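Observations on chain architecture
So you can see what is in the structure, the chains are spelled out below.
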Amino acid sequence: MRYAIVDSERTEAQPGMRGICQCCGGQTIAKCGEHVVWHWAHKRKEDCDPWWETETEWHRTWKDRFPFDWQEVVHVDPKSGEKHIADVKTPSGLVIEMQNSPIHPKEMRSREEFYGNMVWVVNGDRKGAHGYSQNSDKFHFIDGLSSHPICHDPLSLQVEWFGRGKLLHNWSRASAIVYLDFGDGILWRLDSFEIDKTFVYEVPISASSNSSRQRELFSDNVVVGKEKKKKDIGVVTPIQVNDFVECSKIGAPIPCGFGLDDQSAVKSKLDFDTAGSQDSAGT
Ligand SMILES: [Zn+2]
């Protein structure tokens, strides 16, 4: 945890400090090693928040985007007395949970039910101890994005998932909105994801053709056939991290992506054909 209670104040860990957990009231010890994010740990393995995950630089960077008082807010169910620490809770009551590691679908559901008004921000580019990516999810995501937007305003794109990782599969089960963070200043809202979606392609298959349309499309000696393929396909909407943060700060609905005049940030990172036609891969 980032904060514990010291002399009645929420305080960050400093070497040698002791404090009290603001969630369970147990004793905490400051952990300020060279290779860890400075944090508070329970003195004994207390029965505290089972949903809490080890904090990383990624969590801290995200929390730092919000005011001090909104970070690590203890949330109590008035009926059951169940307590959990929300990563960020805005004055409008929106909980933003930052998730670095994969979670079990059951826990995902429990957390969504407990907080109700919440969104997920998911680290799509987890780093190991030496700062290297732990998997190739980011590469597969960027590589699978279609260069022809499905919609231009707001900008939304199809993404074909052919990576071995299950990032999109796992997070498509969430009922709260999921924003994927690949560390480039843009969040990708996961709007939908379909596993084994069947596509039928027109492909040239053999010599000879009677159709003038086919001759026009290909050449006189090629016939068009149909081929079925199955793909894992998602639809994502990019949102600038700054917009996401500013909108959640003022309690406004989180914006639904880039508009026509606002695509430069995405375009600068990816080579989009914004003048192109609608994506026809799904037909
Ligand atoms: Zn505790």
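Details of the structure are given in the entry above.
All values reported here derive from a predicted model rather than from experimental measurement.

Along the backbone of the protein there are 7 helices and 14 strands. Looking at the protein residue by residue over its 283 residues, the buried ones come to 28%. Across the protein, the fraction of contacts at a sequence separation of at least 24, relative to all contacts at a separation of at least 6, is 52%.

A word on the pairing of strand S2 (residues 9–12). As paired elements, strand S1 (residues 3–6) and S2 share 4 bridges and run antiparallel to each other. Residue pairing across strands places Ala-4 opposite Thr-11, the latter belonging to S2. The antiparallel hairpin formed by S1 and S2 contains 2 residues in its connecting segment, where Asp-7 sits at a positive phi of about 50°.

This part is about the environment of Ile-20. The topology assignment puts Ile-20 in strand S3 (residues 18–20). Sequence-wise, Ile-20 and His-42 are 22 residues apart; in three dimensions their C-alpha atoms are separated by 8.5 Å. Apart from residues lying up to four places away in sequence, Ile-20 is in contact with Ala-4, Ile-5, Gly-25, Gln-27 and Thr-28.

So, on to the nonpolar core. One finds Val-121, Val-178, Tyr-179, Leu-187 and Leu-190 to be the most contacted residues of the largest nonpolar core, which totals 44 residues. Taken domain by domain, the makeup of this core includes at least three residues from each of domain 1 (1–48) and domain 2 (52–193 + 230–269). In contact with Tyr-179, not counting residues within four places along its chain, are Val-119, Trp-120, Val-121, Val-122, Leu-187, Trp-188, Arg-189, Ile-239 and Phe-244.

On to the pairing of strand S9 (residues 118–123), then. Across the 6 residues of S9, 6 count as buried, placing the element largely inside the fold. Burial along S9 is two-sided: Met-118, Trp-120 and Val-122 facing one way and Val-119, Val-121 and Asn-123 facing the other are all buried. Pairing of strand S8 (residues 95–99) with S9 involves 5 bridges; the strand directions are parallel. Counterpart to Val-95 in the pairing with S9 is Met-118. In the classification by handedness, the crossover that spans S8, the intervening helix H2 (residues 105–115) and the parallel S9 is right-handed.

Reading the values: rules and limits
Residues numbered from 1 in each chain as written. Predicted model: local features only at pLDDT ≥ 70, side-chain atom pairs only at ≥ 80, totals over all residues. Helix = DSSP H or I, 4+ residues; strand = E, 2+ residues; numbered from the N terminus. Buried ≥ 20, exposed ≤ 12 C-beta atoms within 10 Å, placed from the backbone. Contact = placed C-beta atoms within 7 Å. Pairing = 2+ DSSP bridges. Core = buried A, V, L, I, M, F, W, Y, C linked by C-beta atoms within 7 Å. Domains from an automatic or database assignment. Right-handed = clockwise from strand over helix to strand, strands pointing away.

Geometric values such as these leave the question of function open.
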